Amino acid sequence: MITIDNYVKPATLEEAYKLNQARSSRVTGGMMWMRLGKAHVKTLIDLSGLGLDQIHDEDNVIKIGAMCTLRQVEECEALKELFGDGIAESIRHIVGVQFRNQATIGGSIYGRFGFSDVLTAFLALDTFVELYDGGIVRLSDFVDRAPDKDILLSIIVRKGKRKFRYDSIRRTKTDFPVIACAVVTGIVHGQETWYFSVGARPMKAALIEKKWEIPADASEEMIAGYAKEVASEFTYGSNMRGSAEYRRHLTEVLLRREMTSILAEGR
C-alpha cells in the first residue's frame with residue numbers, strides 16, 4: 001500500500017513545481033495506479049485546482065489539460081471530428097466508465113506505462129507534451145526520456161488531414177492489452193507518410209515512420225507484406241499474457257487490418 005504524510009493542493013504551478021523537486025514528493029493524477037503501489041510519500045501534490053482539466057479546441061491544435069479524465073478525452077467531439085472513433089477505441093476498454101471518470105490523461109502519458117493504450121494511440125499522432133520546466137516536447141522524444149521531476153501540463157495534438165486507426169487484443173474485455181497497435185497516415189511535406197505505433201509489447205509503446213505511397217487499390221497480399229515488414233521491426237517480449245512471437249504475429253494481423261481499413265476509406 002501507499003502511505004502519505006502530507007497532502008498539498010498548491011495555488012500555482014510554480015508552487016507545485018517547487019514542491020515536486022523533493023525526492024519524496026509525488027504528483028497525483030487520478031490515483032488509480034499509484035494507490036496500488038508500495039511507497040512512502042512525504043508530500044502528495046494535487047494539481048486539481050490549477051485549471052488543467054479542460055480540453056481546448058484551438059485553430060491548429062487540440063490542447064488537452066493533464067488533469068482531464070480519460071472519459072473526457074473519450075467523449076471529446078473535436079477529437080472525433082479529426083480522427084473518427086480511433087481515440088475513443090483506445091480508451092473504451094480501460095476497466096470501466098467509473099475508472100475512466102477518475103484516471104487522468106496526464107497520469108497515463110507521464111507514467112509511460114508499458115500497458116498504456118493511451119500512450120500507444122497518441123504516439124502515432126502529431127502529438128506534443130507541454131512541461132512546466134521543459135517546455136513543449138514531441139511525444140516521441142518524451143517517451144524515451146528518463147523520468148524526472150518536471151510537471152506535465154498538457155497534451156497537444158496538431159490538427160491535420162490524417163487517417164487514424166486503433167486496435168488491441170485482450171484476453172478479457174477489461175484486462176491489460178496483450179498488444180496494442182495504432183496506424184496513422186497523411187501527407188507530410190508533400191509525401192504520403194505512415195506512422196505505426198505498437199504498445200504492450202510488453203514494453204512501452206514505440207513508433208516507426210515509413211515514407212510509403214500505397215495505392216488505394218493495393219491487393220491484400222501487398223498490404224500483408226507491408227504489415228509484415230513493419231511488425232518485424234519492433235522488439236517484443238514475453239510475459240504471462242503472451243510470448244514475444246505471439247505478439248509479433250498479432251501485431252502483423254492488427255496492422256494489416258488497420259491499413260486495409262484506411263485504404264478502403266480512400267477508395
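Each remark here, short or long, concerns the structure printed above.
Residues numbered from 1 in each chain as written. Predicted model: local features only at pLDDT ≥ 70, side-chain atom pairs only at ≥ 80, totals over all residues. Heavy atoms only, no water.

## Some details on the packing of aromatic side chains
How two aromatic rings sit relative to each other is given by the distance of their centres and the angle of their planes. One pass over the full model with this rule turns up eight aromatic pairs. Look at Trp212 and Tyr226: their rings are 4.5 Å apart centre to centre, the planes differ by 45 degrees, and that puts the pair in the tilted class. Here Trp212, found in the loop between strand 12 (206–210) and helix 9 (220–231), pairs with Tyr226, found in helix 9; they are 14 residues apart in sequence, far enough to count as distant. Using a relative accessible area of 12% as the deciding quantity, one classes Trp212 as buried. Linked through ring pairs, Trp194, Phe196, Trp212 and Tyr226 together constitute an aromatic cluster. A cation over a ring is seen here: Arg112 above Tyr110, with NZ or CZ 5.2 Å from the ring centre. (Phe/Tyr/Trp six-rings, centres within 6.5 Å; stacked < 30°, edge-to-face > 60°. Helix = DSSP H or I, 4+ residues; strand = E, 2+ residues; numbered from the N terminus. Buried < 20%, exposed > 50% of the residue type's maximum accessible area, 1.4 Å probe, protein only. Lys NZ or Arg CZ within 6 Å of the ring centre and 35° of its normal.)

## Topic: unusual backbone geometry
Cis rather than trans, the peptide bond between Arg201 and Pro202 has omega equal to 10 degrees. Along the chain, Pro202 turns up in the loop between strand 11 (191–199) and strand 12. Its identity is not glycine, yet Arg112 carries a phi of approximately 50 degrees, on the positive side. Topologically, Arg112 is positioned in the loop between helix 6 (105–111) and helix 7 (117–124). In this structure, Ala200 takes a positive phi of about 60 degrees despite not being glycine. Position of Ala200 relative to the elements: it lies in the loop between strand 11 and strand 12.

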